[in-house]
Amino acid sequence: VMKLNPQQAPLYGDSVITVQLTEEDKVEDDVVFYLVFTGSTVQHCTSTRKINPGSLETISPGHDCCETVKVALCASREGHPVLVVAEESFQFVQDEAYDAAQFLATCAGNQQALNFTRFLDRSRPPAADVDFLDEKVALAFRHLKLPAEWNVLGAEQSLAENIPRETLLHFAVRLGLLRLTWFLLQQPGGRGALSIHNNEGATPVSLALERGYQKLHQLLTEEGAREPDSWSTLSHTVHSGDYSVKHHRGLGVYLLTAE
């Protein structure tokens, strides 16, 4: 039996899983290991990276629903058939970051909810927590199946009537969430939100300045500003029909997902 640590991961994936091999599976260098996750409607195959003779590392895939899936450890060696070496179960769960992303997505146009997020800001979390929050919520947001008509400004995107109001971009900038800001800018209404004033007359751009968030300010104002560096370790996904391939740059691991 192999040991997976942890034995669960959030739905949006991208967390590190360590695989402990048993004595008899610790094999020569020319063996390549894969993990195959089989869910009720989706299957994922991930490559692995050897940390030492007894353990491997991989990245949890993003999954389509909360459930327990079967994980098979497969070994492949040139000139030999692929073998299933061990099996284990693994759970995909909805965590707080996922809940937060869902909440933010649904309250895009809801002023009461957005004012509540301002209230949260008064108890400023420490920088390390902000970074963690930023990464997880942005990953979760990226994984949400947003409706086709979804817009950063909510359903009533009455940009023409220059009504002062809070936007999701104000929220992301106020907390200094670089990755979430970048994600929102790529969505419909993201660029439009840049010029919206809230009730104090602040735009997301002026908020970034006022709070001294230089990187964020650059992201919002520079033509052709690039994705934040801090994201370079995260995954890049390519979709093709019912398949998607994801490359996790940090570990150099590939994930194939098939419907």
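For the structure given in this document, a descriptive report is provided here. (Residues numbered from 1 in each chain as written. Predicted model: local features only at pLDDT ≥ 70, side-chain atom pairs only at ≥ 80, totals over all residues. Heavy atoms only, no water.)

## Some points on the overall build of the protein chain
Here is the rule: What counts as a helix is a DSSP run of H or I of at least four residues, what counts as a strand is a run of E of at least two, and both are numbered from the N terminus. When accessible area is computed with a 1.4 Å probe and restricted to protein chains, residues below 20% of their type maximum are described as buried, those above 50% as exposed, and intermediate ones as partly exposed. Note on contacts: a residue pair is in contact if any heavy atoms of the two residues lie within 4.5 Å. Working definition of accessibility: Shrake-Rupley area with a 1.4 Å probe, residue cover restricted to the visible protein chains. We count Lys and Arg on the positive side and Asp and Glu on the negative side, and we leave His and both chain ends out. Working definition for charges: the position is that of NZ of Lys, CZ of Arg, CG of Asp or CD of Glu.
Counting its regular elements, the protein chain contains 8 helices and 12 strands. A principal-axis box enclosing the C-alpha atoms of the protein chain has dimensions of 65 × 35 × 35 Å. Split into buried and exposed, the 259 residues of the protein chain put 46% on the buried side. Considering only contacts within the protein chain whose residues lie at least 6 apart along the sequence, 62% involve residues at least 24 apart. When the accessible surface of the protein chain is summed, it comes to about 13700 Å², and 52% of that surface belongs to carbon and sulfur atoms. On the protein chain, the mean spot of the 21 positive side-chain charges and the mean spot of the 33 negative ones are 5 Å from each other.

## Considering the packing of helix H1 (residues 96-106) against helix H3 (residues 127-143)
Rules: Axis definition: a line fitted to C-alpha atoms, limited for helices to the stretch in contact. Angles are taken between N-to-C directions and run from 0 to 180 degrees. In a left-handed crossing the near helix is turned counterclockwise from the far helix by less than a right angle, and in a right-handed crossing that turn is clockwise. Note on residue categories: nonpolar means Ala, Val, Leu, Ile, Met, Phe, Trp, Tyr, Cys or Pro, charged means Asp, Glu, Lys or Arg, and polar means any other residue, Gly included.
Running from N to C, H1 and H3 point in directions that differ by 65°, and their axes come no closer than 8 Å. Crossing of H1 against H3: the hand is right-handed. Side by side, H1 and H3 meet where Ala97, Tyr98, Ala100, Ala101, Leu104 and Ala105 of the first sit next to Lys136, Val137, Ala140, Phe141 and His143 of the second. Residues that form the contact of H1 with H3 fall into these classes: 9 nonpolar, 1 polar and 1 charged.

## What to know about the sheet that holds strand E6 (residues 49-52)
Filter applied, for reference: If DSSP finds at least two bridges between two strands, the strands pair.
Pairing within the open sheet is antiparallel, and its 4 strands lie in the order E1-E3-E7-E6. If you trace the sheet from one side to the other, it starts and ends with strand E1 (3-5) and E6, each paired once. When the angles between neighbouring strand axes are averaged without regard to direction, this sheet yields 30°. Note: E6 against strand E7 (residues 55-59), 3 bridges, orientation antiparallel. Bridging from a neighbouring strand, Asn52 pairs with Ser55 of E7.

## Quick word on H3
As a reminder of what qualifies: In this scheme, a helix's expected span is set at 1.5 Å multiplied by one less than its residue total.
For H3, which comprises 17 residues, the first-to-last C-alpha distance of 24 Å matches the rise-based estimate of 24 Å (1.5 Å per residue) to within 8%. Within H3, burial applies to Val130, Asp134, Lys136, Val137, Ala138, Leu139, Ala140 and Phe141.

## A look at the pairing of strand E9 (residues 83-93)
Where strand E2 (residues 8-10) and E9 come together, 3 bridges link them in parallel fashion. Paired with Ala9 across the bridge in E9 is Phe92. Between the end of strand E8 (residues 67-76) and the start of E9, which pair antiparallel, lie 6 residues, with Gly79 showing a positive phi angle near 80°.

## So, the pattern of salt bridges
Proximity of charged atoms lets side chains of opposite charge pair with each other. Convention followed: Definition used for salt bridges: Asp or Glu carboxyl oxygen within 4 Å of a side-chain nitrogen of Lys or Arg.
This model, assessed by the stated rule, comprises 7 salt bridges. Put simply, Arg179 and Asp134 hold a salt bridge, and the shortest N to O gap is 3.4 Å. Placement of the pair is Arg179 in helix H5 (residues 178-186) and Asp134 in helix H3, with a sequence separation of 45 residues. With a shortest N-O distance of 3.5 Å, Glu135 and Arg179 are connected by a salt bridge. Taken as a pair, Glu135 in helix H3 and Arg179 in helix H5 lie far apart in primary sequence, 44 residues in all. Here Arg179 falls in the buried class, since its relative accessible area comes to 3%. In this structure, a network of salt bridges that share partners links the residues Asp131, Asp134, Glu135 and Arg179.

## As for the layout of surface pockets
A water-sized probe rolled over the atoms picks out the places where empty space is left. In plain terms, the rule: Throughout, the protein atoms alone are placed on a 1 Å grid, and a set of points is a cavity if a 1.4 Å probe fits but cannot get out or a pocket if it is open with protein on both sides within 12 Å along at least five of seven lines; lining residues have an atom within 4 Å of a point. Grid points are joined across faces, edges and corners, and a volume is the space filled by probe spheres set on the points. These domain boundaries are the output of an automatic or database domain assignment.
When its volume is computed, the largest pocket comes out at roughly 740 Å³. If you go around the largest pocket, you meet 28 residues; those closest to its centre are His143, Thr237, His239, Ser244 and Lys246. Within the residue set of the lining of the largest pocket, elements represented by two or more residues are H3, strand E10 (235-240), strand E11 (243-248) and strand E12 (253-258). When residues in the lining of the largest pocket are grouped by element, the largest group, 4 residues, is from E10. For the lining of the largest pocket, a count of residues per class yields 8 nonpolar, 11 polar and 9 charged. Taken together, domain 1 (3-94 + 233-258) and domain 2 (96-227) each give at least three residues to the lining of the largest pocket, which thus spans both.

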